[in-house]
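# Secondary and tertiary structure notes
What follows is the residue order along each chain.
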Amino acid sequence: MANDPREKTDEPGRDLRSERDEVLQRFTRGSSFARELLQDYEALEQRVRSLEGENAKLRATIEADHAVRDLLKKIETLELEKAELVSRFNRAEALQSNVSSRMSEAEHEFSNLANLFVASSQLSSSLSPRAVTRRIKEILAQLVGAEAYAMYLVNADGTELVPIASEGVPGGKLGPVRVAGSELGKVFESGEARVNEETNSNHGSPERPAAVLPLEIDERYVGVIAIFSTLAQKPRFSTVDFELFRLLGRQAAVALVGASLFMRAEHKLPGLEAFLDLSV
Amino acid sequence: MAEYSCLVVEDSPMMRQLLVFALSRVKSLRVTEADDGVDALRKLASARYDIIVTDINMPIMDGLKLVKRVRSDPVHKETPIVIITTEGSQEDRQRALQLGANAYITKPIQAPQVISTVKELLRIE
C-alpha cells in the first residue's frame, strides 16, 4: 500500500526532527557546560580550601613569628636582668670580700695593739728591777718569739756594753762588748735599731744578731737589747715586732732605771713636795 | 645565745692577760684564769668548762700533765683542750695530741689564731 503523504505517522516531521536535534544538541551542550561548571566549581572549591589551609598556615606562622619575637624580647630582657643580677652579685661579692679583708685587717690590728698594750702595761706595773727584767725577757720571748737574747747597759765611762740579763746563750759566751768597732756599739751610738735582713731571724747568732735595738732614757742611749735568734717557727720579724722594739727601746730602760732608783730609795715613795714645784 | 666557759691556764701574767684579752673578743665566751695546772684542777673540780686553753711550760704542774689529768676526769674527759707553747717541733705537737689535746698553737701567739681555734672547737659561728 502506498503511503499517503498526508497520512499520519509516528515519525516527526523534518522540522521537528531538526528542532529536536537542535534541542538535544543544546541540552547536550548545556549539560556539558553544566558539567564543566560543576568541575570548575569543584576545582574552585578545592582551591579555596587549599588557600584557606595556606592562609591558616600563614596566620599560624605569623602568630608563631610574633610569639618567637615576644620570646626573643623576653629572652633579651631576661638576659639584661641576668647581667644586672650578675653584676650586682659580683659587686656584693667584692664588697663582702672587701669587708672580710678589712675585718681580718682590723682583727690583726687589734691583736697587734693588744700585744703592745699588754707589753706596755706589764713594763710599767712593777717597781722591782728583777720583776722588770723578767717582764722584758717575757716580752722578748713570748711576744717577739726570741729564743736567744741579751740586754746590755753601758758602763760608767761609756766604753763598754755590759750584759745584765740573757736567755738562750751559754754564760761563757756573753761578756762586755766594746762600744767602739762593735755591731752593738754602732746601734748604741747611732740610736738606730738594726735588723739583719740577710738571713732568717731564727738563724741568727751572738756574732750575727737577728736584731739590735737601742735602749733610751730621756733622749740618751743607755744600752741595747740584742736578739741573737728567734724560735724555729719564727723565721722573720713582723710589723708588730718593730712596734714592740720601739716600745722596748723607749720603755724598758725607763722602767728598769725607775725600779732601780725606787729600790735604792728603799721603796720609799717621794713626798708630795717632790711634785709641788713642777711648774706645769 | 649559748654561753660557753673557757679556762685559761698560764703562769705568765702577761700571756694570761693577752689570752684573756683575745678570748674576751668572743661574745659568748666567759673566761676564767688559772695560774698553773694545780690551780686549773682546783677550778675544774668546782665548775664545768667547755674548753681549756693551756700553756705547757708551767711550774708545779705543766700543761701536758694537766691534759693527762683532765682526760682521766669523767666530767671533763671530752672537754676540748688547746695547747699553747714555744715548742714548735712536730714531735712536741704529736706528743701533745697523743695525750689528748685537740689543738696546738705555737708562740708567739696571734690573737686571731687563738680565737678561730677556740671558735672552731666550740663550733661557734
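Keep in mind the model is a prediction, meaning the values are calculated, not measured. (Residues numbered from 1 in each chain as written. Chains lettered and ligands numbered in written order. Predicted model: local features only at pLDDT ≥ 70, side-chain atom pairs only at ≥ 80, totals over all residues. Heavy atoms only, no water.)

Two aromatic rings are characterised by how far apart their centres lie and by the angle between their planes. As enumerated under the stated definition, the model contains five aromatic pairs over all chains in all. With a centroid separation of 6.1 Å and an interplanar angle of 15°, the aromatic rings of A:F110 and B:F21 are classed as stacked. Taken as a pair, A:F110 in helix α1 (residues 14–123) and B:F21 in helix α1 (residues 13–23) lie in two separate chains rather than in one. An angle of 70° between the planes, with centres 6.3 Å apart, marks the rings of A:F237 and A:F242 as edge-to-face. An aromatic cluster of three or more residues is present, and its members are A:F110, A:F117 and B:F21. One cation-aromatic arrangement involves B:R25 over A:F110; the distance from NZ or CZ to the ring centre is 4.0 Å. (Phe/Tyr/Trp six-rings, centres within 6.5 Å; stacked < 30°, edge-to-face > 60°. Helix = DSSP H or I, 4+ residues; strand = E, 2+ residues; numbered from the N terminus. Lys NZ or Arg CZ within 6 Å of the ring centre and 35° of its normal.)

With that out of the way, let us pick up the packing of helix α2 (residues 129–144) of chain A against helix α4 (residues 239–264) of chain A. Residue and element names in this part refer to chain A. At a minimum axis separation of 8 Å, α2 and α4 run at an interaxial angle of 170°. With respect to each other, α2 and α4 are oriented roughly antiparallel. Of the two possible hands of crossing, α2 and α4 adopt the one that is left-handed. Contacts between α2 and α4 involve P129, V132, T133, I136, I139, L140, L143 and V144 from the first element and D241, L244, F245, L248, A252, A255, L256, A259, S260 and M263 from the second. (Axes fitted to C-alpha atoms, helices over the stretch in contact; angles between N-to-C directions. Parallel < 35°, antiparallel > 145°, perpendicular 65-115°, else oblique. Left-handed = near helix turned anticlockwise from the far one by under 90°. Contact = heavy atoms within 4.5 Å.)

Bringing the interface of chain B and chain A into the picture now. Taken together, the 19 residues of chain B in the interface contact 19 residues of chain A. When chain B packs against chain A, close to 1,800 Å² is buried across both sides, 62% of that on carbon and sulfur atoms. It is B:M14, B:L18 and B:P108 in chain B that bury the most area against chain A; as a group they hold 34% of the surface buried on that side. Here chain B is connected to chain A by one salt bridge. (Buried area = accessible area lost by both parts, 1.4 Å probe. Salt bridge = Lys/Arg side-chain N within 4 Å of Asp/Glu carboxyl O.)

All names here are of chain A. Pairing within the open sheet is antiparallel, and its six strands lie in the order β3-β2-β1-β6-β5-β4. The open sheet has two free edges, formed respectively by β3 (177–178) and β4 (194–195), since each of these has just one partner strand. Looking at chain direction, β4 and strand β5 (residues 211–217) are connected through two bridges and run antiparallel. When the bridges of β5 are listed, R194 appears paired with V212. Along the sheet, α2 makes contact with β1 (146–154), β2 (160–167) and β6 (220–230), crossing β1 at roughly 145°. (Pairing = 2+ DSSP bridges.)

So, about the sheet that holds strand β3 (residues 51–55) of chain B. Residues and elements named next belong to chain B. The strand order across the open sheet built from five strands is β2-β1-β3-β4-β5, with neighbouring strands paired in parallel fashion. The open sheet has two edge strands, β2 (29–34) and β5 (103–106), and neither has a second partner. Taken pair by pair, the neighbouring strands of this sheet meet at an average axis angle of 20°, ignoring direction. When strand β4 (residues 81–85) meets β5, the two strands line up parallel, connected through four bridges. Bridge pairing in β5 places V82 opposite A103. Across the face of the sheet, α1 comes into contact with β1 (4–9), β2, β3 and β4 while running at roughly 170° to β2. Contacts from helix α4 (residues 90–99) reach β4 and β5, with the element oriented near 145° to β5.

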